[in-house]
Amino acid sequence: MNLESKDQSKDRLQWWREARFGMFIHWGLYSLLGRGEWVFYQEHFGLEEYAKLADRFKPQHFHPKEWVAMAQDAGMRYMVITTRHHDGFCLYDSRVSDFTAPKTAAKRDFIEEFVDACRTMGMRVGFYYSLMDWRFPGAIPHSVIQPDEVYRSEVEQAHAQVREICTQYGTVDILWYDMMHPHKAELWRSGELNRTVRELQPGILINDRAGLAEDFSTPENVIRVETRPWEACYTMNRTWGYAKYDRNYKSPHEIIRLLTTCVDGGGNLLLNVGPDGEGEFPIESVEILRHVGQWMRANGKAIYGAGPSPISAPALGLASRVGDRVYLLIQRWPGSTVAFAWCGSKVVSARILSTGQEATIEQKGDRVWFRGFPDYPPDPYMNVIELEFDGEPRASDPAYA
């Protein structure tokens, strides 16, 4: 039983709620092949055949400080990296497995290097860990569920390795579980596992993928607004791991729309990058992050620490709130006059966040008009109007969203 109070949980989540935007990194042996992170399963590799990839995994361009710098430039405030994916290969030094980067050709603990870079540069650190390991009996997804005893050794390894990543690298801010197969919390002893994690890392945040609710939920490639803390994780293209021929990249506009939609609903966005086998980010990812970062530098006040707004303008786009300020996240620029309704507070100022240009305000009851803005949107992606009020912002009754 988790005896932690709601206030304690809220305190631990405070930085995460304020961050709103993080980077997910899927990287491992599969990155060498460039066909996605599920290649072991999808192409039905033999164990020995796949293990030989470790003899080739000697990335020459793994420079974690560059990774952190790109995340910071994009406006991200935490990073979550795969310590071990479903293929069982550890990027760190595990005592209970020989299938690790330090014990094979690389001879490096990539997680240690990554954590050092994050700490040096003031970035929050999260560890992804896949409970499922395809090298064990009964672990292949979609296969017939076996008796519990078949999974005992896999479960024991998971407990040992989670303990390792929670003790070998100092403070860990997030533990991001994935792929509990079979999906039975009692089989995986999830309650015991998470109690151990919290004893080792009292301030850690734990996601919901070990069969228990814990701190936050993680809808994948979909935005699903929830009453509890949530974080939508998205790929930049259509694969999590590096896929050389996957050119289905989301535009900067799409990424910004996803981020603002999450914030409008009170959630976070965890955006994935899949470095190649040498440790380099795909050039498409670099360019997209650069454009997103430009937007964030101009409009980050509407994102960091923001949550749902009581005042909205659905005909124009989305909205967020930070303290007593509301930010209209304009997806459909209406021209020089911006109008909305159902505003129950007096608006005293309105300005475009990226340029500082202010509007003249006309308000009749709960109807509001901003006049004197440009005919055409100054920002090519999404324009943000910052509103100040005489008192607390509130909607009139009835308001609609």
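Details of the structure are given in the entry above.
So, here is what we can say about the structure in this document.

What counts as what
Residues numbered from 1 in each chain as written. Predicted model: local features only at pLDDT ≥ 70, side-chain atom pairs only at ≥ 80, totals over all residues. Heavy atoms only, no water. Buried < 20%, exposed > 50% of the residue type's maximum accessible area, 1.4 Å probe, protein only. Helix = DSSP H or I, 4+ residues; strand = E, 2+ residues; numbered from the N terminus. Pairing = 2+ DSSP bridges. Expected span 1.5 Å × (residues − 1). Arc of directions from axis to C-beta. Contact = heavy atoms within 4.5 Å. Polar contact = N/O pair within 3.5 Å; in protein donor to acceptor, adjacent residues only side chain to side chain. Axes fitted to C-alpha atoms, helices over the stretch in contact; angles between N-to-C directions. Parallel < 35°, antiparallel > 145°, perpendicular 65-115°, else oblique. Left-handed = near helix turned anticlockwise from the far one by under 90°. Nonpolar A, V, L, I, M, F, W, Y, C, P; charged D, E, K, R; others polar. Disulfide = S-S within 2.5 Å.

1. Focus: the pairing of strand β9 (residues 325-330)
Of all 6 residues that make up β9, 5 are buried, and the element is covered over most of its length. For strand β8 (residues 317-322) and β9, the ladder comprises 6 bridges, and the chain directions are antiparallel. Looking at the pairing, V322 lines up with R325 of β9. A loop of 2 residues connects β8 with β9, the two strands running antiparallel in sequence, and G323 in this loop sits at a positive phi of about 65°. Here 5 bridges tie β9 to strand β14 (residues 383-389), and the two strands are oriented antiparallel to one another. Within β14, the position partnered with Y327 by the bridge is E386.

2. Observations concerning the environment of E149
The topology assignment puts E149 in the loop between β3 (124-130) and α7 (152-165). The exposed category is assigned to E149, whose relative accessible area is 55%. Spatially, the C-alpha atoms of E149 and S251 are 47 Å apart, while their sequence positions differ by 102 residues.

3. Brief notes about the environment of W342
Turning to its location among the elements, W342 is positioned in the loop between β10 (337-340) and β11 (347-352). Exposure remark for W342: the relative accessible area of 27% places this residue in the partly exposed category. Separated by 80 residues in sequence, W342 and C262 have C-alpha atoms that sit 23 Å apart.

4. Overview of helix α6 (residues 110-121)
Between its terminal C-alpha atoms α6 stretches 17 Å, which fits the 16 Å expected from 12 residues at 1.5 Å a residue. Regarding α6, the residues found buried are F110, I111, F114, V115, A117 and C118. Take α6 and look down its axis: the buried residues cluster within an arc of 160°, on one side only. Tucked into the core, α6 has its buried residues touching β1 (21-25), α5 (64-73), β2 (78-84) and β3. For α6, the side-chain oxygen to backbone nitrogen distance between the N-cap and I111 is 3.1 Å, and the N-cap itself is D109. One or two steps after α6, the chain reaches G122, where phi turns positive at roughly 75°.

5. Points about the environment of V125
Its location among the elements puts V125 in strand β3. Look at V125 and you get buried, because its relative accessible area is 2%. Distance in space between the C-alpha atoms of V125 and Y304 is 18 Å, their sequence separation being 179 residues. Ignoring sequence-local partners within four residues, the contact set of V125 consists of M79, F114, V115, C118, V172, D173 and I174.

6. Considerations on the sheet that holds β14
Ordered in space as β8-β9-β14-β11, the 4 strands form an open sheet in which the pairing is antiparallel. Edge positions in the sheet fall to β8 and β11, since each of these pairs with one other strand and no more. The mean inter-strand angle of the sheet, taken between neighbouring strand axes irrespective of direction, is 20°. Strands in contact with helix α10 (residues 252-264) are β8 and β9; relative to β8, the strand with the most contacts, it is inclined by about 55°.

7. Examining the packing of α7 against helix α9 (residues 190-200)
Two elements in contact, α7 and α9, have axes whose closest approach is 10 Å; the angle formed by their N-to-C orientations is 15°. Between α7 and α9, the interaxial angle falls into the category roughly parallel. The interaxial crossing formed by α7 with α9 has right-handed handedness. The residues of α9 that touch α7, namely those facing H159, V162 and R163, are E192, L193, T196, V197 and L200. For the contact of α7 with α9, the per-class residue count stands at 4 nonpolar, 2 polar and 2 charged.

8. Observations concerning the state of the cysteines
Summed over the entire model, instances satisfying the criterion amount to 0 disulfides. With no disulfide partner, C262 has as its closest neighbouring cysteine sulfur the one in C233, 9.9 Å distant.

9. Looking at the sheet that holds strand β4 (residues 174-178)
Spatially, the 7 strands line up as an open sheet ordered β5-β4-β3-β2-β1-β7-β6, and their pairing is parallel. Pairing within the sheet leaves two strands with one partner each, and these edge strands are β5 (205-206) and β6 (231-234). When β4 meets β5, the two strands line up parallel, connected through 2 bridges. Bridging across to β5, I174 finds its partner in L205. Contacting β1 and β2, α5 runs over the sheet at an angle of about 140° to β2.

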